[in-house]
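Single-letter residue listing:
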Amino acid sequence: MISQLELGKGGEKKKPEKQVNGIFWILLINIGIYVADHIFQVREIKALYLYHNFPVWYQFVTSTFCHANWNHLSSNLFFLYIFGKLVEEEEGGFGVWVSYILTGVGANLVSWLVLPRNAVSLGASGAVFGLFAISVLVKLSFDWRKILEVLILGQFVIERVMEAAQASTSFASSNSALQNVNHIAHLSGALVGATLVWLLSRVPSQPADRDKL
């Protein structure tokens, strides 16, 4: 005879494990562009930076994958992995890609509108703050342990990324202008992330299909 315990085990449905691949591709692209730019010194990579005096449309996207130096890159990689993974666990690979691109582009767009024309923007700092905001707001409706995890890590993201301000998103000659780029990009990236969550929350979810008799 088969015990009820064994029957219960057989009837349980295993939750499918979500594979986290999207954020790893984002990290690899950031690393690959850095290697091509700073190690192999591929000149064409410079065309991916966002030049405020004469921007090209694709630079608003490509500059989010470029970094000024290793300290700039390593700081962003750490937080991209943490918050990108949290977002992808809830929203999937496509969701983390859309979040990264939209928050990064939004941060670059605000920086371009506000900063002087001699500025040059690059870096994933805006996307980092965007993913941080999204991960916090999304987790608010889920397990309290995950909320606590995000809030504890959140205190470090602001401090560490701010420390990378001097190497972040501009090669302008003035240090004050350089620092303004970072604050603007960080704040605007977080605001874009919060806006994305708010817009998605306004979309009505489809009712679950009734079980067929």
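Before going into details, it helps to say that this report is about the structure given with it. Model, not experiment: these values are computed from the prediction.

Another aspect to go through is unusual backbone geometry. The phi angle at Gln41 is positive, at roughly 50 degrees, despite the residue not being glycine. With respect to the element layout, Gln41 can be found in the loop between helix 2 (22–39) and strand 1 (50–51).

Before going further, it helps to examine helix 4 (residues 70–114). Between its first and last C-alpha, helix 4 extends only 27 Å over 45 residues, short of the 66 Å set by a 1.5 Å rise per residue. Where helix 4 bends most, the angle comes to about 125 degrees, and this point is Glu91. The backbone nitrogen of Asn71 lies 3.3 Å from a side-chain oxygen of the residue at the head of helix 4, namely Asn69.

With that settled, consider the packing of aromatic side chains. Under the counting rule described, the total for this entry stands at 10 aromatic pairs. For the ring pair Phe60 and Trp112, a centre distance of 5.9 Å and an interplane angle of 90 degrees mean the geometry is edge-to-face. Remark: Trp112 occurs in helix 4 and Phe60 occurs in helix 3 (residues 59–62); sequence separation between them is 52 residues. For Phe60, a relative accessible area of 12% translates into the label buried. Ring geometry for Phe79 and Phe83: centres 6.3 Å apart, planes at 15 degrees, overall stacked. Taken together, the positions of Phe79 and Phe83, both in helix 4 and four residues apart, correspond to about one turn of that helix. In this pair, the class of Phe79 matches that of Phe83, namely buried. Each member of the aromatic cluster is reached from another via a ring pair, and the members are Phe78, Phe79, Phe83 and Phe132.

Analysis parameters
Residues numbered from 1 in each chain as written. Predicted model: local features only at pLDDT ≥ 70, side-chain atom pairs only at ≥ 80, totals over all residues. Heavy atoms only, no water. Helix = DSSP H or I, 4+ residues; strand = E, 2+ residues; numbered from the N terminus. Expected span 1.5 Å × (residues − 1). Bend = angle between axes of the 7 residues up to and from the residue. Polar contact = N/O pair within 3.5 Å; in protein donor to acceptor, adjacent residues only side chain to side chain. Phe/Tyr/Trp six-rings, centres within 6.5 Å; stacked < 30°, edge-to-face > 60°. Buried < 20%, exposed > 50% of the residue type's maximum accessible area, 1.4 Å probe, protein only.

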